[in-house]
Amino acid sequence: AGDPLRGVAWFTPPDVWHAVDEGMLEVNLWHGTTANAAPGDALLEDVLGVLEKHGLTAKFDEGRIEVDAHWHKRIAR
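Every value quoted in this text rests on a predicted model; they were computed, and no experiment measured them.

Q: Now, about the pattern of salt bridges: what can you tell me, with residues and values included?
A: Think of it this way: side chains of opposite charge can pair up when their charged atoms draw near. Within the structure shown, the criterion is met by 4 salt bridges. Between Arg64 and Glu66 there is a salt bridge, and its shortest N-O distance comes to 3.2 Å. The pair Arg64 / Glu66 is uniform in exposure class, with both members buried. Several salt bridges share partner residues, and in doing so they unite Glu26, Lys59, Arg64 and Glu66 into one network.

As structure tokens, this is what we get:
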């Protein structure tokens, strides 16, 4: 639509393995300008709100979002 990118959230394969082992997924968040998200940013508050809406507890700490993520193996039937 030609609108500027509002922001980008991402994590890496090692972040996923950390979540498997420790129950916490580290998610990076940048503004569309490539500036890191910071406490008080509207973008950060919106992302935390979306995570909460989907039942995921998260907080911003040391420059990243920490999402409470416990992985469970599904049993095939």
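Q: Provide a residue-level description of a nonpolar patch on the surface, including the pertinent values.
A: Taken together, the side chains of Leu5, Val8 and Trp30 make up a nonpolar region of the molecular surface, amounting to roughly 270 Å² of accessible area. In this fold, Val8 is placed in strand S1 (residues 7-10).

Q: Describe the nonpolar core, with residues and values.
A: The biggest cluster of nonpolar side chains holds 12 residues, and these are Ala19, Leu25, Val27, Leu29, Ala37, Leu43, Leu44, Leu48, Leu51, Ile65, Val67 and Ala69. Among the elements of the structure, strand S2 (24-31), helix H2 (42-53) and strand S4 (64-68) are those that each provide at least two residues to this core. Broken down by element, the residue count for this core peaks at 4 residues, all from H2. For Val67, the residues in contact, after removing those within four places along its chain, are Gly23, Met24, Leu25, Val27, Leu51, Leu56, Thr57 and Ala58.

Q: Describe the packing of aromatic side chains, naming the residues involved and giving the relevant values.
A: The geometry of an aromatic ring pair is captured by the separation of the ring centres together with the interplanar angle, meaning the angle of the planes. Scanning the model with the defined rule gives 1 aromatic pair in all. Taking 4.9 Å as the distance between ring centres and 80 degrees as the angle between the ring planes, the aromatic pair formed by Trp10 and Trp30 counts as edge-to-face. Residue Trp10 is found in strand S1, and its partner Trp30 is found in strand S2; the two are separated by 20 residues along the sequence. For Trp10, a relative accessible area of 28% corresponds to the partly exposed category.

Calculation rules
Residues numbered from 1 in each chain as written. Predicted model: local features only at pLDDT ≥ 70, side-chain atom pairs only at ≥ 80, totals over all residues. Heavy atoms only, no water. Salt bridge = Lys/Arg side-chain N within 4 Å of Asp/Glu carboxyl O. Buried < 20%, exposed > 50% of the residue type's maximum accessible area, 1.4 Å probe, protein only. Patch = residues over 30% accessible without salt bridge, like charges linked within 9 Å, V, L, I, M, F, W, Y side chains within 5 Å. Areas by Shrake-Rupley, 256 points an atom, 1.4 Å probe, with all protein chains shown as cover. Helix = DSSP H or I, 4+ residues; strand = E, 2+ residues; numbered from the N terminus. Core = buried A, V, L, I, M, F, W, Y, C linked by side-chain atoms within 4.5 Å. Contact = heavy atoms within 4.5 Å. Phe/Tyr/Trp six-rings, centres within 6.5 Å; stacked < 30°, edge-to-face > 60°.

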